[in-house]
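Spelled out from the first residue to the last, the chains are:
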Amino acid sequence: MELYLDTADIAAIKRLAKVLPISGVTTNPSIVAKSGKPIFPLLVQLQEVLGPDKLLFAQVLSSDADEMIKEAYQLRKAVPSIVTKIPVNAQGLIAIKELTQQGIPTLGTAVYGAGQGFLGALAGAKYIAPYVNRIDAQGGNSKDTVLELQKLLDLHCPQSMVLAASFKTPRQALDCMLAGCKAITLPVDVAELFISDPAVDAAIAKFDQDWRSTFGSLTF
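Conventions adopted
- Residue positions are given per chain, counted from 1 along the sequence in the order it is written.
- In keeping with the model being predicted, local features are shown solely for residues with a pLDDT of at least 70 and side-chain atom pairs are shown and tallied solely at 80 or more, while totals for entire chains, interfaces and linings include all residues.
- Neither water nor hydrogens contribute to the side-chain values; these are computed over all heavy atoms in the structure.
- UniProt positions are given in the numbering used here, feature names are shortened, and annotations may be inferred rather than shown by experiment.
- Helix numbers and strand numbers start at the N terminus; a helix is a DSSP run of H or I with at least 4 residues, a strand a run of E with at least 2.
- For each residue, the accessible area found with a 1.4 Å probe, counting protein chains only, is set against the maximum for its type, and the residue is called buried under 20%, exposed over 50%, and partly exposed in between.
- Contacts are residue-level and defined by heavy atoms, with any inter-residue pair within 4.5 Å sufficient.
- Per-residue and other accessible areas were derived by the Shrake-Rupley procedure at a 1.4 Å probe size, with only the shown protein chains allowed to occlude residues.
- A residue counts as positive if it is Lys or Arg and as negative if it is Asp or Glu; His and the chain ends are not included.
- Taken as the charge centre is NZ of Lys, CZ of Arg, CG of Asp or CD of Glu, depending on the residue.
- Between rings of Phe, Tyr and Trp, where Trp is taken as its six-membered ring, a pair exists when centres lie within 6.5 Å; planes separated by under 30 degrees are stacked, by over 60 edge-to-face, and by other angles tilted.
- Given a helix with a known number of residues, its expected span is that number minus one, times 1.5 Å.
- Each C-beta atom gives one direction from the helix axis, and the arc is the one those directions make.
- Here a polar contact is taken to be a pair of N or O atoms separated by no more than 3.5 Å, where protein atoms must pair a possible hydrogen donor with a possible acceptor and residues adjacent in sequence count only if both atoms sit in side chains.
- Using a grid of 1 Å spacing that covers the protein atoms alone, one calls a set of points a cavity when a 1.4 Å probe fits there but cannot get out, and a pocket when the set is open and has protein on both sides within 12 Å along at least five of seven lines; lining residues are those with an atom within 4 Å of a point.
- Grid points are joined across faces, edges and corners, and a volume is the space filled by probe spheres set on the points.
- Classification convention: Asp, Glu, Lys, Arg as charged; Ala, Val, Leu, Ile, Met, Phe, Trp, Tyr, Cys, Pro as nonpolar; all other residues, Gly among them, as polar.

An unreviewed UniProt entry annotates the chain as Fructose-6-phosphate aldolase 2 originating from Gilliamella bombicola. The Sequence similarities (unreviewed entry) field of the UniProt record for the chain holds the comment "Belongs to the transaldolase family. Type 3A subfamily." Per its UniProt entry, the chain bears the Catalytic activity (unreviewed entry) comment "beta-D-fructose 6-phosphate = dihydroxyacetone + D-glyceraldehyde 3-phosphate".

See below:
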């Protein structure tokens, strides 16, 4: 199971990496724009924070396959181990096929349907990212979509992996893991919800209160 953080917030990554067993960080153009930092220095900084054993993902901007491929080269020049995110559309599939032939790992992104994601895997993308919350927001059923996509990959493209993205709640992430997803990427606020629960804090406070009332201090 691979757990990623979907952010370019250096401070948040440092904080959560101490707590969570993350495998790396995913970014997209909106996340990079939110950081306000130029992309290439930012990616280098992110990889330095993560260390050499963690993966970093960054997305192309172009809508033309040839330009996507050029941008993939640029991203890998900045961070040689980077995984390039490419939208799974007609031009994106061309780019994924070419980059795969060159041994450059890709993630097929902006996936809204199981068939669409399956085509990305057939083209050679190592990771396929269904947009869970966005599927639901459009009136779809993300749980069924992820289940179908996972089954297609298990049956026909075991070399590819669902990396589910676009979460608003921990429940959505849990549903994807229960569907068999081997990877998910969480925004910082959703990741924090997994490790912060008022009921847990209340239980610990009660334990402390009971101990202090009997023994006077929190020591053995």
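This is not the end of the story, as more comes after the structure.
### Digging into the overall build of the chain
Check the secondary structure of the chain and you find 11 helices and eight strands. Reported as C-alpha extents along the three principal axes, the dimensions of the chain are approximately 70 × 40 × 30 Å. Within the chain, buried positions represent 46% of all 220 residues. Across the chain, every contact between residues at least 6 apart in sequence was considered, and the portion connecting residues at least 24 apart equals 55%. As presented, the chain carries roughly 11,300 Å² of accessible surface, and 58% of it is formed by carbon and sulfur atoms. Taken as two groups, the 20 positive and 21 negative side-chain charges of the chain have centres that lie 3 Å from each other.

### Overview of the packing of aromatic side chains
The geometry of an aromatic ring pair comes down to the distance between the two centres and the angle between the two planes. On inspection of all chains with the given rule, the structure shows five aromatic pairs. On the basis of an interplanar angle of 75° and a centroid distance of 5.6 Å, the ring pair of Y112 and Y131 is categorised as edge-to-face. Of this pair, Y112 sits in the loop between β5 (106-111) and α6 (114-123) while Y131 sits in the loop between β6 (127-130) and α7 (132-137); the two residues are 19 residues apart in sequence, bridging distant segments of the chain. Here the aromatic residues Y4, F57 and Y127 are joined through ring pairs into a cluster of three or more.

### Here's the deal with the environment of G24
Turning to its location among the elements, G24 is positioned in strand β2 (residues 24-26). With relative accessibility at 0%, the residue G24 sits in the buried group. Residues G24 and L46 lie 22 residues apart in sequence; the distance between their C-alpha atoms is 9.4 Å. In contact with G24, other than residues within four places in its own chain, are L3, Y4, L5, L50, K54 and L55.

### Topic: helix α4 (residues 65-78)
Side chains three or four residues apart in an α-helix point the same way, a direct result of the helix having 3.6 residues per turn. Under the 1.5 Å per step criterion, the end-to-end length of α4 is 20 Å for 14 residues, consistent within 8% with the ideal 20 Å. Among the residues of α4, those classed as buried are A65, M68, I69, E71, A72 and L75. The buried residues of α4 occupy one face: seen down the axis, they fall within an arc of 160°. Every exposed residue of α4 that faces more than 90 degrees away from the buried side is listed here: D66 and K77. Turning to α4, the residues buried within the fold contact α3 (39-50), β3 (55-59), β4 (83-87) and α5 (90-101). Its side-chain oxygen placed 3.1 Å from the backbone nitrogen of D66, D64 serves as the N-cap of α4.

### Observations regarding the side chain of T84
By the element assignment, T84 lies in strand β4. Accessibility expressed as a relative area gives 0% for T84, which makes it buried. Not counting residues within four places of it along the chain, the set of residues in contact with T84 comprises A58, V60, A72, L75, P105, T106 and L107.

### Here's the deal with helix α1 (residues 10-17)
Within the span of α1, buried status applies to I10, A12, I13 and L16. For α1, the arc enclosing every buried residue in end-on projection is 160°, short of the 170-degree limit, so these residues lie on one face. Buried residues belonging to α1 abut β1 (2-6), β2, α3 and α10 (188-195). One side-chain oxygen at the N-terminal end of α1 lies 3.1 Å from the backbone nitrogen of A11; it belongs to D9.

### Let's talk about the layout of surface pockets
Unfilled space is identified by rolling a water-sized probe across the atoms. What the largest pocket holds in volume is close to 660 Å³. Forming the boundary of the largest pocket are 27 residues, of which D6, T7, N28, I31 and P187 lie nearest the centre. At the level of secondary structure, the elements contributing two or more residues to the lining of the largest pocket comprise α2 (29-35), β5, α7 and α10. For the lining of the largest pocket, the element with the most residues is α2, which contributes four residues. A breakdown of the residues in the lining of the largest pocket according to their chemical character gives 11 nonpolar, nine polar and seven charged. In terms of lining residues, the second largest pocket is bounded by 13 residues, among which I39, Q59, L61, E71 and L75 are the most central. Counting only elements with at least two residues in the lining of the second largest pocket, the list comes to α2, α3, β3 and α4. In terms of residues, the lining of the second largest pocket owes the most to one element, α4, which gives three residues. For the lining of the second largest pocket, the residue count by class is eight nonpolar, four polar and one charged.

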